[in-house]
Amino acid sequence: MTRKMGYIIALSLGVLVLAAIFVPQVRQFWLNLRAEDVQVQLPLATGEPTLDLRIITVLGKDAIPAILDPQFISAAEAVSQMKPSERVIGVSINGEHRAYPLNLLGRHEIVNDTVGGKPVAVTW
Amino acid sequence: MSGKLIMNAVVLYDHQTDTLWSQFLSRGVRGPLSGTSLEIIPSVQTTWEQWLQLHPTTLVLDKGGRYQSDTYERYYRDGSAGILGEANKDNRLPRKELVLGVATDGGAKAYPFSAISQQRVINDRFDGDEVVVTFDPDSETGAIFQRALDGQSLTFQPAGTNELGIMLMEDQQTGSTWQAFTGQAVSGPLTGKVLERLPSHYSFWFAWSDFHPDTALWGVG
């Protein structure tokens, strides 16, 4: 292979990689290559007995790590780290109230917790 | 998290059976528990300030001094439909319009923020039930409740806010005052009663119409 051919190939690959990352249509084409189609039996709002779904793999398992052992603090303890306007998901179960900040949920996507004796998964 | 998506919404896995679960549908989609549905617990998305005023004894997940910004700030504002694009284009609303959505086995309905911001308390019907939708545009807090209580159907109207800024509503039948997001009556003949809450969640319109192509839509057209 000549050096010029090598440069052309390297440049072409570089352009393809950038396109896959930054051009939505290319990215979606690439992701759809790593897709799996499943059929789910369910009563869905549309009234259809089965639903065809396409599962796309984007990241590895646990690339975004779940929170398995969440630690909670009181509002008084949280004053220094919670802004009044920042958004939370709030849950009330059996008289127990908990808030899950979206800034944190955005980076972990799921918290496994037990609230009011009930095991819950808070997802974002 | 499995690292997988279905129509831009995350796919979870469980440690016990390795079943994959669609978050948006709250249902198993592949593996031993495929088809099983997860019980949705009603929750509220709101500001920390509002939540604390509603529930002064609340605990909050410890951020350890970190997570001071929202990683999706730019995404909320841009025009893109997730990273996969829309599966089913529905032009009744712009794709990134936010809606309060409710779905049961009997149907799906979306209440656009732009439409419910004006009225704030909306008496409506959904899936054969009489419901009330409440929305505070300042804190972007919204909920949906059953209007039926002890055999009678209540009709609600806005009743301002209390001294802590918590949105209130009043029923026309008894004149009782209710907290709009807990569904609890705080004064009047029905004090202490709590309306039954339907599970609802916020969604961008493109995602809601992808998962619920035949969804009803309030206040548009």
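Procedures and definitions
- Residues numbered from 1 in each chain as written.
- Chains lettered and ligands numbered in written order.
- Predicted model: local features only at pLDDT ≥ 70, side-chain atom pairs only at ≥ 80, totals over all residues.
- Helix = DSSP H or I, 4+ residues; strand = E, 2+ residues; numbered from the N terminus.
- Expected span 1.5 Å × (residues − 1).
- Buried ≥ 20, exposed ≤ 12 C-beta atoms within 10 Å, placed from the backbone.
- Pairing = 2+ DSSP bridges.
- Axes fitted to C-alpha atoms, helices over the stretch in contact; angles between N-to-C directions.
- Core = buried A, V, L, I, M, F, W, Y, C linked by C-beta atoms within 7 Å.
- Contact = placed C-beta atoms within 7 Å.
- Parallel < 35°, antiparallel > 145°, perpendicular 65-115°, else oblique.
- Nonpolar A, V, L, I, M, F, W, Y, C, P; charged D, E, K, R; others polar.
- Domains from an automatic or database assignment.
- pLDDT = per-residue confidence, 0-100.

Engineer: What should I look at first to understand helix α1 (residues 3–22) of chain A in this one?
Structural biologist: Given 3.6 residues to a turn, an α-helix orients residues that are three or four positions apart in the same direction. Between its first and last C-alpha atoms α1 of chain A spans 28 Å; for 20 residues at 1.5 Å apiece the expected length is 28 Å, and the two agree. Sparse coverage of α1 of chain A is indicated by the burial of zero of its 20 residues.

Engineer: Can you help me understand the sheet that holds strand β1 (residues 35–41) of chain A in this one?
Structural biologist: Two pairing modes exist for strands in a sheet, parallel and antiparallel, and in both the strands are linked by backbone hydrogen bonds. Strand order in this open sheet of six strands is β1(A)-β2(A)-β1(B)-β2(B)-β3(B)-β4(B), and the pairing throughout is antiparallel. The sheet is open, and its two borders are formed by β1 of chain A together with β4 (27–30) of chain B, each paired with just one other strand. Pairs of neighbouring strands in the sheet enclose a mean axial angle of 40°, with direction left out of account. Where strand β3 (residues 20–22) of chain B meets β4 of chain B, three bridges bridge the pair, whose relative direction is antiparallel. Within β4 of chain B, the residue paired with Leu-20 of chain B across the bridge is Arg-30 of chain B.

Engineer: What should I look at first to understand unusual backbone geometry in this one?
Structural biologist: Where the residue is not glycine, phi is negative for most of them; where a peptide bond is considered, it is trans in most cases. Non-glycine residue Asn-94 of chain A carries a positive phi angle of around 50°. With respect to the helices, strands and loops of the structure, Asn-94 of chain A is situated in the loop between β4 (87–93) and β5 (96–101). In the Ramachandran plot, Ser-26 of chain B falls in the positive-phi region, its phi being about 50° despite a non-glycine side chain. Inspection of the secondary structure puts Ser-26 of chain B in the loop between β3 and β4. For Ser-26 of chain B, a count of 18 C-beta atoms within 10 Å gives the class partly exposed.

Engineer: Before we go on, may I ask you to explain the nonpolar core in this structure?
Structural biologist: In summary, soluble globular proteins display a tendency toward joint burial of nonpolar side chains. Counting 69 residues, the largest nonpolar core has Ala-99 and Tyr-100 of chain A together with Val-11 and Val-133 of chain B as the members making the most contacts within it. Considering every element that reaches this core, the biggest residue donor is helix α4 (residues 205–211) of chain B, with five residues. Aside from chain neighbours lying at most four places away, what touches Val-133 of chain B is Leu-100, Tyr-111, Ile-116, Ile-122, Asp-124, Gly-142 and Ile-144 of chain B.

Engineer: Honestly, the sheet that holds strand β17 (residues 185–187) of chain B in this entry has me stumped. Any pointers?
Structural biologist: Residue and element names in this part refer to chain B. One open sheet accounts for four strands, arranged β14-β15-β16-β17; its pairing is antiparallel. Each edge of the open sheet is held by one strand with a lone partner, namely β14 (156–161) and β17. Each strand axis lies, on average, 40° off the axis of its neighbour in the sheet, ignoring direction. Note: strand β16 (residues 177–179) against β17, two bridges, orientation antiparallel. For Thr-177, the partnering residue across the bridge sits in β17 and is Ser-187.

Engineer: Mind showing me how you'd approach the packing of α1 of chain A against helix α2 (residues 24–33) of chain A here?
Structural biologist: The packing of two helices is summarised by the inter-axis angle and the distance between the axes. Residues and elements named next belong to chain A. Running from N to C, α1 and α2 point in directions that differ by 90°, and their axes come no closer than 5 Å. Taken together, the axis directions place α1 and α2 in an arrangement best described as roughly perpendicular. Taking contact as the criterion, the partners of Ala-19, Ala-20 and Ile-21 in α1 are, on α2, Val-26, Arg-27 and Trp-30. Of the residues assigned to the contact of α1 with α2, the class counts are five nonpolar, no polar and one charged.

Engineer: Explain the interface of chain B and chain A here, please?
Structural biologist: Accessible area lost during the coming together of the parts is what is often quoted as the interface size. Contacts between chain B and chain A engage 54 residues on the former and 59 residues on the latter. Taken together, the residues of the side of chain B that touches chain A sort by class into 24 nonpolar, 21 polar and nine charged. Looking at chain direction, β4 of chain A and strand β5 (residues 44–47) of chain B are connected through four bridges and run antiparallel. By the bridge assignment, Ile-89 of chain A is partnered in β5 of chain B with Gln-45 of chain B.

Engineer: Got a minute to help me understand the domain arrangement of chain A in this structure?
Structural biologist: For chain A, the domain assignment lists domain 1 (3–56) and domain 2 (75–123). Using only C-alpha atoms to locate each centre, domain 1 of chain A and domain 2 of chain A end up separated by 34 Å.

Engineer: For this particular structure, what's the right way to read the confidence of the model for chain A?
Structural biologist: The predicted coordinates of low-pLDDT regions are not to be read in fine detail. Looking at chain A, the pLDDT average stands at 90 and 93% of residues meet or exceed 70. Here α2 of chain A stands out as the element of chain A with the lowest mean pLDDT, 83, in contrast to β5 of chain A, whose mean of 98 is the highest.

Engineer: Where do I start with the environment of Val-79 of chain A in this structure?
Structural biologist: Residue and element names in this part refer to chain A. Structurally, Val-79 is set in the loop between α3 (75–78) and β4. The class for Val-79 is exposed, based on 9 C-beta atoms found within 10 Å. Along the sequence, Val-79 and Lys-61 sit 18 residues apart, while their C-alpha atoms lie 35 Å from each other.

Engineer: Hey, could you run me through the environment of Asn-112 of chain A in this one?
Structural biologist: Residue and element names in this part refer to chain A. Relative to the elements of secondary structure, Asn-112 occurs in strand β6 (residues 110–115). As for Asn-112 and Leu-33, which are separated by 79 residues in sequence, their C-alpha atoms are 32 Å apart. Leaving out residues up to four positions away in the same chain, Asn-112 has contacts with Ala-66, Ile-67, Leu-68 and Ala-121.

Engineer: I would appreciate a short explanation of the domain arrangement of chain B in the present structure.
Structural biologist: Residue and element names in this part refer to chain B. According to the domain assignment, chain B contains domain 1 (1–39) and domain 2 (48–217). A separation of 25 Å is found between the C-alpha centroids of domain 1 and domain 2. A class-by-class count of the residues in the side of domain 1 that touches domain 2 yields five nonpolar, one polar and no charged.

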